[in-house]
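# Descriptive structure summary
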Amino acid sequence: MRTQSPALRLEDIVKTFPGVRALDGVSFEVQPGEVHALLGENGAGKSTLMKVLAGMHQPDEGRIYIGGRQVTMKTPLEAKAEGVVLIHQELSLAEELSAAENIYLGELPRKRFGLVDRQTLLAKAGAILERLKCGFGPEVTVGDLSIANKQMVEIARALTVDAKTVVFDEPTASLTDAEKVVLFDIIRDLKDRGVGIVYISHRMEEIFTISDRISVLRDGSYRGTLITADTNEDEVTQLMIGRSLDLTRNHEPANLGAIALEVKALCCGSLFHDVSFKVHSGEVVGFYGLVGAGRTEIAETLFGLRTPSSGAICLEGKEVTISSPVSAIENGISLVPENRKEQGLVLGMNCRDNITLPQVSDLTAGPFVSDGAEIAIFDHYRDKLEIKTPNWRQLVGNLSGGNQQKIVIGKWLSMHPKVLIVDEPTRGIDVGSKSEIHKLIRDLARQGYAVIVISSEMPEVMHVSDRIIAMYQGRIMREFTSEEVTEDNLVQAISGIVANGDRAA
Amino acid sequence: MAEERLNAIGKLLARQGILIAFVVFMIGFALLNDRFLAVDNVLGVVRSSAILGVMALGVTFVVISGNLDLSVGSMMSFSTIVVLDLHDKIGPELAIPAMFAMTMALGGFIGVLVGYFKLNSLIVTLGMLSAIHGLTLTYSGGKNMDIADKEGTWFSVIGQGSVLGVPVPIVVFLGLACLLAILLAKTPFGRKVYAVGGNGVAATFSGIRRPRVVLMTYLISSFCVAMAGLLQASRSMGSQNTVGQGLELEVLAAIILGGASLLGGSGTVFKTLIGVLILGFIQNGLLLVGLEFYVQYVVTWLIIILAVWLDIAAKRGRLLSPIA
């Protein structure tokens, strides 16, 4: 294919941490002008590999070649000097400084007395931003920029050195579709200049849009490289998890009980308006829409975290007032929140204590918490949800994302809710655990729970829901049964295009 | 090598570093001065640590719930002055509960500001440090407070008496430590304190009334301060307005030495107890080997820095890290 030496080549990299073989003989290469996607579940070794590349970890064995020459990189600075630049998933910019200052941070041009040479700085930074076709100047304060534009600043920073390899770590995690297009243009531009690109992402469609080749890691070892043009999602998924993932539409007939929750004309300021829907016991109702469509806000209102400005909430036919999470819980509403680590769990607490947290006041023998009662609850949900943890003393922060999510779900199931709301059930969870969580949600419906699932992933919403409610700008646009829904009509509904083709007000 | 990851021994050292350093200190002091480990010296150290210790027990709750309390030193001066003044006016039987009520009202006020109004605890309690000092001076008119008839009252028993040969302050300190240890480790309230400090948002999402828990921690803290003020007043039977000055930092030092995180969510009453004793023995040891009293301020600070550094090093697995 190509005769020139690869921009970057890793051979048989081994990296162990106490008790874990994080990388087990991984080989990987990027050609100049190639976008090479790196895929793997959480814990497969992607981030360790990237840290080796960026000089943050030293490999125990193996060799790194840059442009055909073997190198060792002991610090991030040395890696940068070798032309390897990492664009982090979490941006590392100084928000209060200007774009130009961020771009040249650490090597600001100086004039006499060590003062910053502002004119040179702005000129040089301006030139780079222009090259990237950014719509903002070098003087703008980074804190005022959108996330996509902040990413541009990071990329601009990468271009101040003669980058031979740029590593993008989940770059689109917080970008809008329009911003993605801009990012992809830039990646293609870098590619045309002969830069080798390593692109890490969970999102299949992106990888198929942008990459030339795909390499897959599993459990710290290299599983193979595929040419993007000659493969498909199924093949890649199989390589990643060792089997294919079932994400077909839900065909299970709904087993509806009585109406568990009825929401009537609920409004909350400018967040959502005139929202009415019903959820039966034994039913999964999916809420689908763009970020900011008001789905999470509805969940938060039902859980007492926001106060509705008008409308009514009825549980089992009785109107209730929910003024706080405490009263939501008393009324039988539970929320598995969107952000597991920030809202769902106390990471420094053990598994058992996290599960029993909402009811710890009731699990007492005399004035003391009853160990036996707590362990009984933990054991029950560990078995029921197949939570993988050595024992209840394990800190929740040490569990994998999937198991953490099961702890949150277990916590709320142990409260025996009438209505269970699950916001983004599989965010940041690897593919294998995803299908377990989906199966779990279906099982809960079968057992008679009324479940609301909020998700930004269309296949997920279609896979688990009996009914889907499409939202757009704080309003319910349309309700679909699982027979009616198609990808097309769902996308139309959440973009504000109603069934007959009219644009919504 | 600082750059390399710590091996198993290094990790043990880092994790238990303070205890090991403490043992080394103790052996060193014992060799330098044969009085150091004598029973009367040990009892003396525990007794003189009791007042600081009682305060540290209460602040432990505040710290675990993720807040700070810098007002305890000046609050202790307040309690001491108030109970001494009221002693002569309404008698010790009424003075003691009245002083507890007034001190805990101050704690409750802080608790409302931090818990319900969600103000930053550092700012609130730093302000209260100064405000309570002003309150004390206003109350006393700037004068020292003394009990007029020191012989004709049972009041001195609390600070100077003993039960079965054990000084009362030690009994109070250790008894309170046991009670609070049980409260923190065994009751639903204790669990909530850890949850609120570990992740306040998640605690709220789990139906825990976070403001109420925070208020309770400040009430416990101020209760302990009142107890410390009582011990101080009874021990000296008279006091300056500034008797508690600077104790807030020693309290925090003891808690950090014990191994609690100032970010909240970790720590135990037992660890604080150990921290208080380490601090007490080290300060005592420095005096016994003949160093000037003022040296202890510097040494205490050095020990705290060492403790914090070892704590962070144990968490990230190396002594120095390029990333924070």
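All of the points below concern the structure found in this document. Given the structure is predicted, the values throughout are model-derived calculations rather than measurements.

## With respect to the sheet that holds strand β3 (residues 35–39) of chain A
Residues and elements named next belong to chain A. Spatially, the six strands line up as an open sheet ordered β6-β7-β8-β3-β9-β10, and their pairing is mixed. Lying at the two open borders of the sheet, with one neighbouring strand each, are β6 (84–87) and β10 (221–227). Along the sheet, successive strands turn relative to each other by an average axial angle of 20°, direction set aside. The pairing of β6 with strand β7 (residues 165–169) spans four bridges and is parallel. In the sheet register, leucine 86 faces β7, and the bridge partner there is valine 167. Running at roughly 145° to strand β8 (residues 196–200), helix α6 (residues 177–192) makes contact with β3, β7 and β8 of the sheet.

## Re the interface of chain A and chain B
Counting residues at the interface gives 31 residues for chain A, matched by 22 residues for chain B. Roughly 2,000 Å² of surface becomes buried between chain A and chain B when both sides are summed, with 65% attributable to carbon and sulfur atoms. When the buried surface of chain A facing chain B is broken down by residue, Val326, Gln343 and Leu357 of chain A rank first, second and third, together holding 21% of it. There are two salt bridges connecting chain A and chain B. Between arginine 191 of chain B and aspartate 353 of chain A there is a salt bridge, and its shortest N-O distance comes to 3.2 Å. At the surface where chain A touches chain B, the tally comes to eight residue pairs in polar contact (both at pLDDT 80 or more).

## Observations regarding the sheet that holds strand β20 (residues 450–455) of chain A
Residues and elements named next belong to chain A. A sheet is described by the order of its strands in space; here six strands give the open sequence β16-β19-β20-β13-β21-β22, paired in mixed fashion. The sheet is open, and its two borders are formed by β16 (333–336) and β22 (475–481), each paired with just one other strand. Each strand axis lies, on average, 20° off the axis of its neighbour in the sheet, ignoring direction. Two elements, β16 and strand β19 (residues 419–423), share four bridges in a ladder whose sense is parallel. Of the residues in β19, the one forming a bridge with isoleucine 333 is valine 419.

## Some points on empty space enclosed by the protein
Counted by the stated rule, this structure contains three cavities of 30 Å³ or more. In this structure, the largest cavity spans a volume of roughly 40 Å³. What lines the largest cavity is Thr296, Ala299, Glu300, Leu335, Pro337, Glu338, Gln343 and Asp423 of chain A together with Phe205 of chain B. Residue contributions to the lining of the largest cavity peak at three residues, all from helix α9 (residues 295–302) of chain A. Of the residues belonging to the lining of the largest cavity, the class tally is four nonpolar, two polar and three charged.

Calculation criteria
Residue numbers run consecutively from 1 along every chain, following the written order of its sequence. Whichever chain is written first is A, and whichever ligand is written first is 1; the rest continue in order. Side-chain atom pairs in this predicted model are given and counted only at pLDDT of 80 or more, local residue features only at pLDDT of at least 70, and totals for whole chains, interfaces and linings cover all residues. Side-chain figures throughout are based on the complete set of non-hydrogen atoms in the structure, without hydrogens or water. For two strands to pair, DSSP has to find at least two bridges joining them. Only DSSP runs of H or I covering at least 4 residues are called helices, and only runs of E covering at least 2 are called strands; the numbering of each starts at the N terminus. To obtain each axis, a line is fitted to C-alpha atoms, and for helices this fit is confined to the stretch in contact; angles are then taken between N-to-C directions over 0 to 180 degrees. What makes two residues a contact is simply this: any of their non-hydrogen atoms within 4.5 Å. We define buried area as the total accessible area lost by two parts upon association, computed with a 1.4 Å probe and summed across both. Salt-bridge detection follows one rule: a side-chain nitrogen of Lys or Arg within 4 Å of a carboxyl oxygen of Asp or Glu. Here a polar contact means two N or O atoms within 3.5 Å. Within protein one must be a hydrogen donor candidate and the other an acceptor candidate, and residues neighboring in sequence count only if both atoms are side-chain atoms. Points on a 1 Å grid over protein atoms alone make up a cavity when a 1.4 Å probe fits among them but cannot get out, and a pocket when they form an open set with protein on both sides within 12 Å along at least five of seven lines; lining residues each have an atom within 4 Å of a point. Grid points are joined across faces, edges and corners, and a volume is the space filled by probe spheres set on the points. Polarity classes work like this: nonpolar for Ala, Val, Leu, Ile, Met, Phe, Trp, Tyr, Cys and Pro, charged for Asp, Glu, Lys and Arg, and polar for all others, with Gly in that last group.

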